[in-house]
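# Summary of structural features
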Amino acid sequence: MRAIEIIGTGSCVPHHTITNDELAQSIDTSDAWIYPRTGIHAREFCTARQSTVTMAVEAARKAVADAGIPVTGIRAVLVATMSPDFSTPSTACFVSEALKLREDTAALDLNAACSGFIYALETARGILSGIQEMEQGDAPLYALVIGAEQLSRLLKLEDRTTSVLFGDGAGAVIVKLTEAGRSDYAITLGSRGSRDILAPGLYTGAIDKSVDHMVMDGKAVFVFAVEIIPRLIERVLRLSGSDLAQIDYVLCHQANARIIRHVVRKLQVPEAKFPMNMERLGNTSAASIPILLDEMHGNGTLRGGEKLLLAGFGGGLTFGGMQLRFRPEDRT
Ligand code: ACO
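One structure accompanies this document, and this report is about it.

What the protein chain contains, in helices and strands, is 10 helices and 13 strands. Against the 2.2 N^0.38 benchmark of 20 Å for 332 residues, the protein chain shows a C-alpha radius of gyration of 19 Å, consistent with a compact globule. Projected onto its principal axes, the C-alpha coordinates of the protein chain cover approximately 60 × 45 × 40 Å. Burial statistics for the protein chain: of 332 residues in total, 58% are counted as buried. By sequence separation, contacts in the protein chain at least 24 residues apart represent 78% of the contacts at least 6 residues apart. Element-wise, carbon and sulfur atoms account for 51% of the exposed surface of the protein chain, whose accessible area totals about 13900 Å². The positive charge centre, built from 33 side chains, and the negative charge centre, built from 38, are 4 Å apart in the protein chain.

Glancing now at the packing of aromatic side chains. Taken as a whole and judged by the stated rule, the model has 3 aromatic pairs. Each ring, one from F224 and one from F313, has its centre 6.4 Å from the other, and the planes form 75°; the classification is edge-to-face. One end of the pair, F224, is in helix α7 (residues 218-240); the other, F313, is in strand β12 (residues 306-314), and 89 residues separate them in sequence. Across this residue pair, the class does not change: F224 and F313 are buried. By the ring-pair criterion, three or more aromatic residues cluster together here, those being F224, F313 and F319.

Time to look at the site of the ligand. The environment of the ligand is made up of 24 residues, and the closest members are T29, G218, K219, N256 and N283. Take G218: an N or O atom from its main chain is 2.9 Å from a nitrogen atom of the ligand. Here an oxygen atom of the ligand and a side-chain polar atom of K219 are 2.7 Å apart. Out of a free accessible area of 1000 Å², the ligand has 73% covered by protein chains. In terms of residue count, the dominant contributor to the shell around the ligand is α7 (4 residues).

In this structure, I229, I233, V250, F274 and F313 are the most contacted members of the largest nonpolar core, which totals 44 residues. Elements that contribute at least two residues to this core include exactly α7, β11 (249-252), α8 (257-267), β12 and β13 (316-326). The element best represented in this core is α7, accounting for 10 residues. Contact partners of F313, with chain neighbours within four places excluded, come to C114, S115, F224, A225, I228, I229, H253, A255, I259, T318 and F319. Judged by nonpolar contacts, the second largest core, of 38 residues, contains I6, L141, V173 and A286.

With that settled, consider the pattern of salt bridges. What the rule picks out here adds up to 17 salt bridges. One salt-bridge network, held together by shared partners, links E5, D184, K307 and R325.

Let us now look at unusual backbone geometry. The omega torsion across T88 and P89 is 0°, close enough to zero to call that bond cis. On the secondary structure map, P89 appears in the loop between β4 (74-80) and α4 (91-98). Going from G316 to L317, the amide bond is cis rather than trans, its omega being -5°. Within the secondary structure, L317 is located in strand β13. Residue A113 is not a glycine yet carries a positive backbone phi of 50°. Residue position: A113 is located in the loop between β5 (106-110) and α5 (116-135).

What follows concerns the environment of K273. Residue placement: K273 occurs in the loop between α8 and α9 (278-281). Separated by 28 residues in sequence, K273 and A245 have C-alpha atoms that sit 9.7 Å apart. Other than its neighbours up to four places away in sequence, K273 contacts L244, A245, I247, D248, Y249 and V250.

The contact between helix α3 (residues 52-67) and α4 brings their axes to 9 Å, and the two run at 50°. The angle between α3 and α4 falls in the class oblique. Taken as a pair, α3 and α4 cross one another with a handedness that is right-handed. Facing T52, V53, A56, V57, A60 and R61 of α3, the residues of α4 in contact are T91, F94, V95 and A98. The residue inventory of the contact of α3 with α4, partitioned by class, reads 7 nonpolar, 2 polar and 1 charged.

Before going further, it helps to spend a moment on the pairing of β12. Most of β12 is tucked away, with 9 of its 9 residues classed as buried. Where burial is concerned, the two faces of β12 agree: the one with E306, L308, L310, G312 and G314 and the one with K307, L309, A311 and F313 are both buried. Pairing analysis gives 4 bridges linking β11 to β12, with the strands arranged parallel. Within the sheet, the bridge partner assigned to Y249 lies in β12 and is L308. Counting the residues that bridge the hairpin from β12 to β13 gives 1 residue.

Each value, and the rule that gives it
- Residues numbered from 1 in each chain as written.
- Predicted model: local features only at pLDDT ≥ 70, side-chain atom pairs only at ≥ 80, totals over all residues.
- Heavy atoms only, no water.
- Helix = DSSP H or I, 4+ residues; strand = E, 2+ residues; numbered from the N terminus.
- Rg over C-alpha atoms; globule rule 2.2 N^0.38 Å.
- Buried < 20%, exposed > 50% of the residue type's maximum accessible area, 1.4 Å probe, protein only.
- Contact = heavy atoms within 4.5 Å.
- Areas by Shrake-Rupley, 256 points an atom, 1.4 Å probe, with all protein chains shown as cover.
- Lys, Arg positive; Asp, Glu negative; His and termini not counted.
- Charge placed at Lys NZ, Arg CZ, Asp CG, Glu CD.
- Phe/Tyr/Trp six-rings, centres within 6.5 Å; stacked < 30°, edge-to-face > 60°.
- Near = heavy atom within 4 Å.
- Polar contact = N/O pair within 3.5 Å; in protein donor to acceptor, adjacent residues only side chain to side chain.
- Core = buried A, V, L, I, M, F, W, Y, C linked by side-chain atoms within 4.5 Å.
- Salt bridge = Lys/Arg side-chain N within 4 Å of Asp/Glu carboxyl O.
- Axes fitted to C-alpha atoms, helices over the stretch in contact; angles between N-to-C directions.
- Parallel < 35°, antiparallel > 145°, perpendicular 65-115°, else oblique.
- Left-handed = near helix turned anticlockwise from the far one by under 90°.
- Nonpolar A, V, L, I, M, F, W, Y, C, P; charged D, E, K, R; others polar.
- Pairing = 2+ DSSP bridges.

Here it is in structure tokens:
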């Protein structure tokens, strides 16, 4: 089957740190309330000169450099975001301009909230597979897949039920189209239409004009997340014919440490298999998984050859699980 594998990573987090203690100076909250419930101590917010576009471009440049490929090999740019600078041109078109990508490169933004990065990876596989079928060429085909969010724009500081949870950032990967066996790639995507649980803000249409920032039924999100993550993992493993023991790391959307620990206990696996970084960054929605990937690559946790399982869940509701390989050619 045609699959994708990750061959390079990059990220950009703005260095404007807001700690829980700093938030507590403006609103009625505390580190003692936030940290035990979420695992979050701090988040990064964009400065006046930063945005979804600037972070996406910086993360993209780093991913291209890390992959060591010429930009002429990139045939698709996908940006998963629910907080684009503009509805059009897309964030992806800004990235295409900044990196001077070739004209026959597909470029689009995609919104599946916190599951967006996984949706974007699978969309990239589809686009690259189509190019392969059409052109029948020998040159390797690459896509740039980015998750980028400036969620600070969607928050209302005074609403402590959401303003303490989210942060800004971007992560990017270069994926390569490859031939692989079923045990090397699997994907499951899904959705359950529901506006009641999570309404990610700035709605300006006719259905409900009262929502002017990110609102959420926290308890319902928690119940949804701890139900769907184990099911995504089980579905992906069934599709790939793998066992969880054969997976090196499960990268869950970094919404909340309590959600991930709940899953770890349910599956009775070592917590080290489920890396987390929301302590410093908060929940960065579609950017959380690619930022975590880049951190793990940067600190030597990922060395190449790993089998990864990604699990995302988010507003919509949407969800997605994916199994894929990380730089298999680096395995020595
Ligand atoms: N600081 C202090 N007190 C707060 C805060 C805050 N930031 N937020 C709410 N409270 C208060 C409430 O007003 C309430 O007070 P009351 O009892 O006087 O009415 C009390 O704390 C308890 O509120 P709950 O909403 O019941 O708090 P809960 O224990 O459920 O924790 C939380 C809330 C952390 C959001 C939890 O429900 C949760 O973890 N949900 C998962 C949500 C999540 O991770 N969302 C991520 C975004 S969605 C996504 O990424 C897919």
